Amino acid sequence: MNIKRNILLNPGPSTTTDTVKMAQVVPDICPREKEFAGIMAPMREDLVRIVHGGSDYTSVLFCGSGTICIDIALNSLLDEGKKALVINNGSYSERACDVCRYYGLPLVEIDQPIDEKPDLSVIENALKSDPDIGYVYVTYHETGTGLLNPVREIGEIAHRYGKFLITDTTSAYAMIPINVHEDNIDFCMASAQKGIMGMTGLSYIVGRRNIIEKSKDFPKRSYYCNLYMQYEYFEKTGEMHFTPPVQTIYAAKQALIEYFEEGEEPKWARHTRVMNAIRAGIDELGLHEALSRDVQAGLVAAIEYPDDPNWDFDKIHDYCYERGFTIYPGKMQNKGTFRLCALGAIDEQDIKDFWAVFKDALKNAGVAVPVKYM
Ligand SMILES: *Cc1c(COP(=O)(O)O)cnc(C)c1O
């Protein structure tokens, strides 16, 4: 089968290999058969292995997009009388605050600028002055801007005050090398369509088994979205409590084979190569990034719209899209930006090909090259 190859430069779902796409085409199977549980058991171990957890960590699979993990981690891991401390410095941590508000969870929100590293002393002071905090939550890589948070340092502070750390690693997991022990991470999470380059509909939380077991007695705030419930069901039966995304799990199985074949360091080197090619094109065309490169994770470039009367994002997007390249709007208030992301099964040459098309798109729209800013 010949499948058209699109280059997705949006922040997920990512470009996948044909072998991962084709892995979804399998004989029909009832997911309650032992054969199917036999796929998920090693998958759970592989997902822990990616972030170098030992037997003290486990992973729990869910059917849903990445946001389901934010929801589940926040609502399931807060004990009665405890408060959630959330570092808010981007649209994904804002989403986490929204989740807390929707559940009515007591929330200590630490607002920080979205374009620079957070002030660690503010986080420490909050922990010092409030013994009722249950956990600290931070987004590892803010995908809206490309900001990398100092998770290891934040985890160290959390641990010093006897709290555990939850981090949303959805846009870093299986891309940036993560070691849960060294990085002071108690819980992290991701979704199959991002780092492992699988399909949408499967997400997972990787975290400390003893804390999950303790959470058995925490308040149950959701019937469907509860971490302990799903964990216990997996431990007892090897299955998801409710119907799993069957074909997506077959694709994830193949994606994990390819992940370990490529290897952690070579994969991160490839993403870095892709980002360097993205940056080379940005510099050549005179484009401006919203964040300084030294605070970025190196996986997302948020680019400011040029000040050109002929600039029209939709027009540029459509021109590129028709030629197989997808670019994506930004997520910054008061500032027009678009994003180019280094996720997925792509390499340097794809970015070179993209910039040639993008340059044509600018010319076609009548935008001056190099681009201008006021
Ligand atoms: C993609 C992403 C998510 C999940 O978003 P969904 O649209 O629910 O898949 C969560 N957190 C971060 C940081 C992300 O990049």
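Check the entry above for the structure.
The structure contained in this document is the topic of the report that follows. This is a predicted model, so every value here is computed, not measured. (Residues numbered from 1 in each chain as written. Predicted model: local features only at pLDDT ≥ 70, side-chain atom pairs only at ≥ 80, totals over all residues. Heavy atoms only, no water.)

### Some words on the overall build of the protein chain
Right, so step 1: When helices and strands are tallied, the protein chain shows 12 helices and 14 strands.
Right, so step 2: In summary, the protein chain has a C-alpha radius of gyration of 21 Å against a globular reference of 21 Å for 374 residues, a match within 12%.
Right, so step 3: Reported as C-alpha extents along the three principal axes, the dimensions of the protein chain are approximately 65 × 55 × 35 Å.
Right, so step 4: Counting contacts in the protein chain only where the partners sit at least 6 residues apart, residues at least 24 apart contribute 73% of the total. (Helix = DSSP H or I, 4+ residues; strand = E, 2+ residues; numbered from the N terminus. Rg over C-alpha atoms; globule rule 2.2 N^0.38 Å. Contact = heavy atoms within 4.5 Å.)

### Some details on the nonpolar core
Right, so step 1: Membership of the largest hydrophobic core comes to 120 residues, with the highest contact counts inside it found for Tyr135, Tyr173, Ile196, Ile278, Trp355 and Phe358.
Right, so step 2: Of the domains in this structure, domain 1 (22-261) and domain 2 (263-365) are the two that each give at least three residues to this core.
Right, so step 3: The next biggest cluster of nonpolar side chains, apart from the first, holds 6 residues, and it includes Leu147, Ala290, Val295 and Ala302. (Core = buried A, V, L, I, M, F, W, Y, C linked by side-chain atoms within 4.5 Å. Buried < 20%, exposed > 50% of the residue type's maximum accessible area, 1.4 Å probe, protein only. Domains from an automatic or database assignment.)

### Some remarks on the packing of helix α3 (residues 67-76) against helix α4 (residues 91-103)
Right, so step 1: As a packed pair, α3 and α4 sit with axes 10 Å apart at the nearest point and diverge in direction by 50 degrees. Here α3 is positioned oblique relative to α4, judged by the angle of their axes. The crossing of α3 and α4 is right-handed. Each of Thr67, Ile70, Asp71, Leu74 and Asn75 in α3 lies in contact with α4, whose residues at this interface are Arg95, Ala96, Val99, Cys100 and Tyr103.
Right, so step 2: For the contact of α3 with α4, the per-class residue count stands at 6 nonpolar, 2 polar and 2 charged. (Axes fitted to C-alpha atoms, helices over the stretch in contact; angles between N-to-C directions. Parallel < 35°, antiparallel > 145°, perpendicular 65-115°, else oblique. Left-handed = near helix turned anticlockwise from the far one by under 90°. Nonpolar A, V, L, I, M, F, W, Y, C, P; charged D, E, K, R; others polar.)

### Thoughts on helix α6 (residues 151-160)
Residues spaced three or four apart along an α-helix point in a common direction, a consequence of the helix completing one turn every 3.6 residues.
Right, so step 1: Of the residues making up α6, those classed as buried are Val151, Ile154, Gly155, Ile157 and Ala158. Projected onto a plane normal to the axis of α6, the buried residues spread over an arc of 160 degrees and lie on a single side.
Right, so step 2: Next to the buried residues of α6 lie β3 (83-88), α5 (120-129), β5 (133-139) and β8 (164-168).
Right, so step 3: A positive phi of about 75 degrees marks glycine 162, the residue just after α6. (Arc of directions from axis to C-beta.)

### Examining unusual backbone geometry
Right, so step 1: With omega at -5 degrees, the peptide bond leading from glycine 12 into proline 13 counts as cis.
Right, so step 2: For proline 13, the position within the fold is in the loop between β1 (7-8) and α1 (18-22).
Right, so step 3: Following valine 369, the chain continues into proline 370 via a peptide bond in cis, with omega recorded as -5 degrees.
Right, so step 4: With respect to the secondary-structure elements, proline 370 resides in the segment after α12 (348-365).
Right, so step 5: Despite not being glycine, histidine 52 shows a phi value in the positive range, around 60 degrees.
Right, so step 6: Relative to the helices and strands, histidine 52 is located in the loop between α2 (34-50) and β2 (57-63).
Right, so step 7: When its relative accessible area of 36% is taken as the criterion, histidine 52 is described as partly exposed.
Right, so step 8: Positive phi, normally seen in glycine, also occurs at methionine 197, with a value near 65 degrees.
Right, so step 9: By the secondary structure assignment, methionine 197 is in the loop between β9 (187-191) and β10 (202-208).
Right, so step 10: When its relative accessible area of 9% is taken as the criterion, methionine 197 is described as buried.

### Brief notes about the environment of glycine 207
Right, so step 1: Relative to the helices and strands, glycine 207 is located in strand β10.
Right, so step 2: For glycine 207, a relative accessible area of 0% corresponds to the buried category.
Right, so step 3: The sequence separation of glycine 207 and phenylalanine 187 amounts to 20 residues, and the corresponding C-alpha distance is 4.1 Å.
Right, so step 4: Ignoring any residue separated from it by four or fewer positions in sequence, one finds glycine 207 in contact with Asp56, Tyr57, Thr58, Asp186, Phe187 and Ile212.

### Section: the sheet that holds strand β11 (residues 300-304)
Picture the strands of a sheet paired through backbone hydrogen bonds; they go either parallel or antiparallel.
Right, so step 1: Taking strand neighbours across the sheet as the criterion, the 3 strands line up as β11-β14-β13 in an open arrangement whose pairing is antiparallel. Looking along the sheet, the strands with just one partner apiece sit at the ends: β11 and β13 (328-329). (Pairing = 2+ DSSP bridges.)

### Examining the sheet that holds strand β4 (residues 107-111)
Right, so step 1: The strand order β2-β10-β9-β8-β5-β3-β4 describes an open sheet built from 7 strands, whose pairing is mixed. The open sheet is flanked by β2 and β4, the only strands paired with a single partner. Averaged over all pairs of adjacent strands, the angle between strand axes in this sheet comes to 20 degrees, irrespective of strand direction.
Right, so step 2: Two strands pair when backbone bridges link them, and β3 and β4 are joined in this way by 5 bridges, in the parallel orientation. The partner of isoleucine 87 across the bridge, within β4, is isoleucine 110.
Right, so step 3: Docked against the sheet, α3 engages β2, β3, β5, β8, β9 and β10, running at close to 35 degrees with respect to β10.
Right, so step 4: This element, α6, spans β3, β5 and β8 of the sheet and lies at about 155 degrees to β8.

### Quick word on the pattern of salt bridges
Right, so step 1: Enumeration over the complete set of coordinates arrives at 23 salt bridges.
Right, so step 2: Notably, a salt bridge pairs arginine 32 with glutamate 239, separated by 2.6 Å at the nearest N-O pair. Taken together, the residues arginine 32 in the loop between α1 and α2 and glutamate 239 in the loop between α8 (227-237) and α9 (246-262) connect sequence positions 207 residues apart.
Right, so step 3: Residue classification places arginine 32 among the partly exposed positions, given a relative accessible area of 34%. (Salt bridge = Lys/Arg side-chain N within 4 Å of Asp/Glu carboxyl O.)

### Some words on a nonpolar patch on the surface
Right, so step 1: Taken together, the side chains of Met1, Met22 and Val25 define a hydrophobic patch exposed on the protein surface, amounting to about 380 Å² of accessible area.
Right, so step 2: Topologically, methionine 1 is positioned in the segment before β1.
Right, so step 3: For methionine 1, a relative accessible area of 86% gives the class exposed. (Patch = residues over 30% accessible without salt bridge, like charges linked within 9 Å, V, L, I, M, F, W, Y side chains within 5 Å. Areas by Shrake-Rupley, 256 points an atom, 1.4 Å probe, with all protein chains shown as cover.)

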